[in-house]
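# Descriptive analysis of the structure
The primary structure of each chain is shown beneath.
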Amino acid sequence: MKKAQKITIWLLPLIVIGGLFYPILGYLVLAMMAVLLVMSIFKGRHWCWNLCPRGAFLDIVMPRASLNKPVPKLFARQWFRWSVFFAFMIFLVFRLSRSGGSFAAVGAVFVGMCIITTVISVILGAATKHRAWCAICPMGTLQEKAGKVRSAGSK
Ligand code: SF4
C-alpha cells in the first residue's frame, strides 16, 4: 500500500455514495480523467499504481475478499481491452446525450459510470485477482497507449 493511496481511497466512497446525493461530485471523475491522461504522457501508469482511488480500494480492501484465481487470459488481449474501451466510451457518450446537458445531470452521468465500473471491479476482484479490473479498465488502457505513444515519439 502506498502512502498516497491511504488518502485517495476516500475519494471513491465520496463519489459513489456522496454522488448519489450531490451529482456534481461526478465532476471529480472528469477532473481525475484529465489528470491521469496528462500524467500518463510523462509517467506512464503512475496514476494507476499510486493515486487512483479505485486502484487504492482494490489494493487495500479487495485482497481480503478475493478468491485469488487467475485473471482470464482474454483480459491481456489488445482487441478485448480496446473493445471494452470503446464499449464504455459509446455508453458514456450515449448517456451524456440523454442527460439533457444540465450541470447536475452531466455530473450524475459520471457518478453512474463510476458506480458501474466500481461494481464490475469488485465482482472481478472477488472472483479472480484483486486488481483484475485494472487489466481491462478503459482509463488504464488509454494511459498505457499514451505512455507508449510518447516513448515511441522520443526514440
Ligand atoms: S486501471 Fe483504472 S481502475 Fe485501475 S488503477 Fe488505473 S485508472 Fe484506476
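These figures come from a predicted structure and were not determined experimentally.

## So, the overall build of the protein
Along its length, the protein carries 9 helices and 0 strands. Taken from the N to the C terminus, the helices and strands of the protein come in the order α-α-α-α-α-α-α-α-α. Here the C-alpha radius of gyration of the protein, 16 Å, is about what a compact globule of 155 residues would show, namely 15 Å. Once the C-alpha set of the protein is aligned to its principal axes, its extents read approximately 40 × 40 × 30 Å. Looking at the protein as a whole, 30% of its 155 residues qualify as buried. Look at the contacts in the protein between residues 6 or more apart in sequence, and 79% of them connect residues 24 or more apart.

## Remarks on the site of the ligand
As a structural note, the neighbourhood of the ligand is formed by Cys-48, Cys-52, Arg-54, Gly-55, Trp-133, Cys-134, Cys-137, Met-139 and Gly-140. Elements that contribute at least two residues to the shell around the ligand include exactly α6 (53-60) and α9 (138-153). When grouped by side-chain class, the residues that make up the shell around the ligand number 6 nonpolar, 2 polar and 1 charged.

## Topic: the environment of Val-35
Structurally, Val-35 is set in helix α4 (residues 26-43). The exposure class assigned to Val-35 is exposed, which follows from the 12 C-beta atoms found within 10 Å.

Definitions and limits used
Residues numbered from 1 in each chain as written. Predicted model: local features only at pLDDT ≥ 70, side-chain atom pairs only at ≥ 80, totals over all residues. Helix = DSSP H or I, 4+ residues; strand = E, 2+ residues; numbered from the N terminus. Rg over C-alpha atoms; globule rule 2.2 N^0.38 Å. Buried ≥ 20, exposed ≤ 12 C-beta atoms within 10 Å, placed from the backbone. Contact = placed C-beta atoms within 7 Å. Near = placed C-beta within 6 Å. Nonpolar A, V, L, I, M, F, W, Y, C, P; charged D, E, K, R; others polar.

The analysis is restricted to geometry; functional conclusions fall outside its scope.
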